[in-house]
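So the chains spell out like this:
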Amino acid sequence: MRILLTGGGTGGHVSPAVAVIARLRERSAAEGWPLVLCYVGSRDGVERRLIGELGVPYAAVATGKLRRYFSWRTPLDLARIPAGVAE
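How each quantity is defined
Residues numbered from 1 in each chain as written. Predicted model: local features only at pLDDT ≥ 70, side-chain atom pairs only at ≥ 80, totals over all residues. Heavy atoms only, no water. Helix = DSSP H or I, 4+ residues; strand = E, 2+ residues; numbered from the N terminus. Rg over C-alpha atoms; globule rule 2.2 N^0.38 Å. Buried < 20%, exposed > 50% of the residue type's maximum accessible area, 1.4 Å probe, protein only. Pairing = 2+ DSSP bridges. Axes fitted to C-alpha atoms, helices over the stretch in contact; angles between N-to-C directions. Parallel < 35°, antiparallel > 145°, perpendicular 65-115°, else oblique. Left-handed = near helix turned anticlockwise from the far one by under 90°. Contact = heavy atoms within 4.5 Å. Nonpolar A, V, L, I, M, F, W, Y, C, P; charged D, E, K, R; others polar. Right-handed = clockwise from strand over helix to strand, strands pointing away. Core = buried A, V, L, I, M, F, W, Y, C linked by side-chain atoms within 4.5 Å.

Chemist: Report on the overall build of the chain, specifying residues and quantitative values.
Modeler: Along its length, the chain carries 3 helices and 3 strands. Along the chain, helices (α) and strands (β) appear in the sequence β-α-β-α-β-α when read from the amino end. A compact globule built from 87 residues should have a C-alpha radius of gyration of about 12 Å, whereas the chain, at 15 Å, is more than 25% larger. Oriented by its inertia axes, the alpha-carbon framework of the chain measures out at about 50 × 25 × 20 Å. By residue count, 26% of the 87 residues in the chain fall in the buried class.

Laid out in structure tokens, this is it:
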């Protein structure tokens, strides 16, 4: 079974994925089916470290943040969103 997981930005998005990975590994070992995992996340988010500690292959894509307040970084982030979709 091949499974692609994604999410990121905060630990609140990554913690459930960590639990899912642990459970999938338990079931695959108990039931004898092969398991291949891959995680897609941001280049700089906390998920890269957390998922890396689990030994799951990690693919980074460009990400942007849609802020609800004024920031000079918003135009840059708006450009990263389509780039991440394309990746």
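Chemist: So what's going on with the sheet that holds strand β3 (residues 58–61)? Residues and values would help.
Modeler: Across the sheet, 3 strands lie side by side as β1-β2-β3; this open sheet has parallel pairing. If you trace the sheet from one side to the other, it starts and ends with β1 (2–6) and β3, each paired once. Going from strand to strand, the sheet's axes swing by 20° on average, the running direction of each strand aside. Sheet topology note: the strand β2 (residues 36–42)/β3 ladder contains 4 bridges and is parallel. Within the sheet, the bridge partner assigned to Tyr 39 lies in β3 and is Tyr 58.

Chemist: Pulling in residues and values, what's your account of the packing of helix α1 (residues 11–31) against helix α2 (residues 46–53)?
Modeler: Contact geometry of α1 with α2 gives a least axis separation of 10 Å together with a crossing angle of 15°. By the criterion of interaxial angle, the relationship of α1 to α2 is roughly parallel. In this structure, α1 crosses over α2, and the sense of that crossing is right-handed. Residues Gly 11, Val 14, Val 18 and Ile 21 of α1 form the contact with α2, whose own contacting residues are Val 46, Glu 47, Leu 50 and Ile 51. For the contact of α1 with α2, a count of residues per class yields 6 nonpolar, 1 polar and 1 charged.

Chemist: Report on the side chain of Ser 28, specifying residues and quantitative values.
Modeler: Mapping Ser 28 onto the fold places it in helix α1. Setting aside residues up to four positions removed in sequence, Ser 28 forms contacts with Trp 33 and Leu 35.

Chemist: I'd like a rundown of the pairing of β2, residues and numbers included.
Modeler: Regular strands place their side chains on alternate faces of the sheet. The element β2 is largely enclosed, with a buried count of 5 among its 7 residues. By the bridge criterion, 5 bridges tie β1 to β2 in an arrangement that is parallel. Residue pairing in the sheet places Ile 3 in a bridge with Leu 37 of β2. Read as a crossover between parallel neighbours, the route from β2 over α2 to β3 is right-handed.

Chemist: So, the nonpolar core: which residues are in play, and what are the values?
Modeler: If you look at the biggest cluster of nonpolar residues, it comprises 10 residues: Leu 5, Val 14, Ala 17, Ile 21, Leu 24, Leu 37, Tyr 39, Ile 51, Val 56 and Tyr 58. At the level of elements, α1 and β2 are the ones that each hand at least two residues to this core. Sort the elements by how many residues they give to this core and α1 lands first, with 4 residues. Ignoring sequence-local partners within four residues, the contact set of Ile 21 consists of Leu 5, Leu 37, Ile 51, Leu 54 and Val 56.

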